[in-house]
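Residue strings, one per chain:
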Amino acid sequence: MRQKTTNHKTMKTLPKDQQPYEKFLSKGPEALSDAELLAIIIKNGTCQKSALEVSMELLEDREENLLNLYKYSYKELLSFDGIGPVKAIQLKAICELSRRIAQTRSADRIFMYNSDEVAEYYMESMRHLSKEMLVACFFDMKCGFLGDEILANGTLNQAVFSSRELFQKALKYDAGYFILIHNHPTGDPTPSKEDILATRQIKECSRIMEIPLEDHIIIGDLTYYSFRKQEQL
């Protein structure tokens, strides 16, 4: 009877200068391809495939790049040869770390002075989402960022929220003003009729509450729509 082997195909069969670990040490991380960087994280392959080959398969479909790591769910990652529960968790954890790194600021307090800065701050954390999410971010009168709150997680086309809850949170932060942000999973930030109507209604409520709505920003894929910049507020 043939004995079953549990050995993994390794990257050591590659020429020395093509092995991701060796290449990292000799040339630095910037010299590695996306698949090579991913292979370092994955570490081990299967009996038939090296970690580099597993990495290349992960990058082949859908977006055909590292955005696949955001697109694949935990369960979908498990369908790939060489990706077990631990590796799938590690890959999703890396995605979450990248989102948080994108939002990290070195200063003790964050100041945002215009729509570009606000959109940039939220872009990485929201542009990959598969469903709409509505966030309110609150500021003092000197543009100091006080914090944010998720108001709603919706379906692919709609996020339903309570304006009463919105202003309760604004009062909790003692906000001087607030900005609404939500994403369009399609990647196109063009506002829908519902977006425009909801913005007008919230604008009117904010006038009554004397906590101004300064902007409503819709996040697309590396692009955004600002109601204020488009003179819709």
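Residues numbered from 1 in each chain as written. Predicted model: local features only at pLDDT ≥ 70, side-chain atom pairs only at ≥ 80, totals over all residues. Heavy atoms only, no water.

Enquirer: What's the story with the overall build of the protein in this structure? I'm lost.
Expert: Of regular secondary structure, the protein possesses nine helices and five strands. A buried classification covers 41% of the 233 residues belonging to the protein. (Helix = DSSP H or I, 4+ residues; strand = E, 2+ residues; numbered from the N terminus. Buried < 20%, exposed > 50% of the residue type's maximum accessible area, 1.4 Å probe, protein only.)

Enquirer: What's the story with the nonpolar core in this structure? I'm lost.
Expert: The biggest cluster of nonpolar side chains holds 19 residues, and the ones touching the most others in it are Leu38, Ile42, Leu58, Leu77, Phe80, Ile83 and Leu91. Elements supplying a minimum of two residues to this core: helix H2 (34–42), helix H3 (51–60), helix H4 (68–71) and helix H6 (85–103). Counting residues per element, this core draws most heavily on H3, at five residues. Among the nonpolar cores identified, the runner-up in size contains 18 residues, and Tyr121, Tyr122, Met126 and Phe145 belong to it. (Core = buried A, V, L, I, M, F, W, Y, C linked by side-chain atoms within 4.5 Å.)

Enquirer: How do you make sense of the confidence of the model for the protein when you look at a structure like this?
Expert: When pLDDT is low, close inspection of the predicted coordinates is not appropriate. For the protein, per-residue confidence averages 85 on the pLDDT scale, and 87% of positions sit at 70 or higher. Looking over the protein, one finds the lowest element-wise mean pLDDT in helix H1 (residues 20–27), namely 85, and the highest in strand E5 (residues 224–226), namely 97. Contacts for the low-pLDDT stretch residues 1–6, under 50 throughout, to residues beyond four places or in other chains number two contacts. (pLDDT = per-residue confidence, 0-100. Contact = heavy atoms within 4.5 Å.)

Enquirer: Is there a simple way to explain the sheet that holds strand E4 (residues 213–219) in this structure?
Expert: An order of E2-E1-E3-E4-E5 is seen for the five strands of this open sheet, with the pairing classed as mixed. Whereas interior strands pair on both sides, the edge strands pair on one side only; in this sheet they are strand E2 (145–153) and E5. If you compare each strand with its neighbour and ignore which way they point, the axes differ by 20° on average. Strands strand E1 (133–139), E2 and strand E3 (177–183) of the sheet are contacted by helix H8 (residues 163–173), whose axis makes an angle of about 160° with E2. The strands that helix H9 (residues 193–209) touches are E3 and E4; relative to E4, the one it contacts most, it runs at about 160°. (Pairing = 2+ DSSP bridges. Axes fitted to C-alpha atoms, helices over the stretch in contact; angles between N-to-C directions.)

Enquirer: Got a minute to help me understand the environment of glycine 154 in this structure?
Expert: Tracing the backbone shows glycine 154 in the loop between E2 and H8. The exposure class assigned to glycine 154 is buried, which follows from its relative accessible area of 13%. Counting along the chain gives 24 residues from glycine 154 to serine 130, while the straight-line C-alpha distance between them is 9.8 Å.

Enquirer: Quick question: what am I supposed to make of the pattern of salt bridges here?
Expert: Pairs can form between side chains of opposite charge whenever their charged atoms are close. With the rule as written, the count across this model stands at twelve salt bridges. One salt bridge connects lysine 23 with glutamate 36, and the closest N-O pair in it is separated by 3.1 Å. One end of the pair, lysine 23, is in helix H1; the other, glutamate 36, is in helix H2, with 13 residues separating them in the sequence. Under the relative-accessibility criterion, lysine 23 is labelled buried at 16%. Given the relative accessible area of 9%, glutamate 36 is considered buried. In this structure, lysine 169 and glutamate 149 form a salt bridge, with 3.6 Å as the shortest nitrogen-oxygen distance. Within this pair, whereas lysine 169 is found in helix H8, its partner glutamate 149 is found in strand E2, the two being separated by 20 residues in sequence. (Salt bridge = Lys/Arg side-chain N within 4 Å of Asp/Glu carboxyl O.)

Enquirer: So what exactly am I meant to see when it comes to the environment of tyrosine 173 here?
Expert: Following the sequence through the fold, tyrosine 173 ends up in helix H8. Residue classification places tyrosine 173 among the partly exposed residues on the basis of a relative accessible area of 21%. Taking the C-alpha atoms as reference points, tyrosine 173 and phenylalanine 139, separated by 34 residues in sequence, lie 8.4 Å from one another. With near-sequence residues (within four places) excluded, tyrosine 173 lies in contact with Phe138, Leu146, Gly147, Asp148 and Glu149.

Enquirer: Even after reading the chapter, I still don't get a negative patch on the surface, so can you show me in this structure?
Expert: Taken together, the side chains of Glu60, Asp61, Glu63 and Glu64 define an acidic patch exposed on the protein surface. Residue position: glutamate 60 is located in helix H3. (Patch = residues over 30% accessible without salt bridge, like charges linked within 9 Å, V, L, I, M, F, W, Y side chains within 5 Å. Areas by Shrake-Rupley, 256 points an atom, 1.4 Å probe, with all protein chains shown as cover. Lys, Arg positive; Asp, Glu negative; His and termini not counted. Charge placed at Lys NZ, Arg CZ, Asp CG, Glu CD.)

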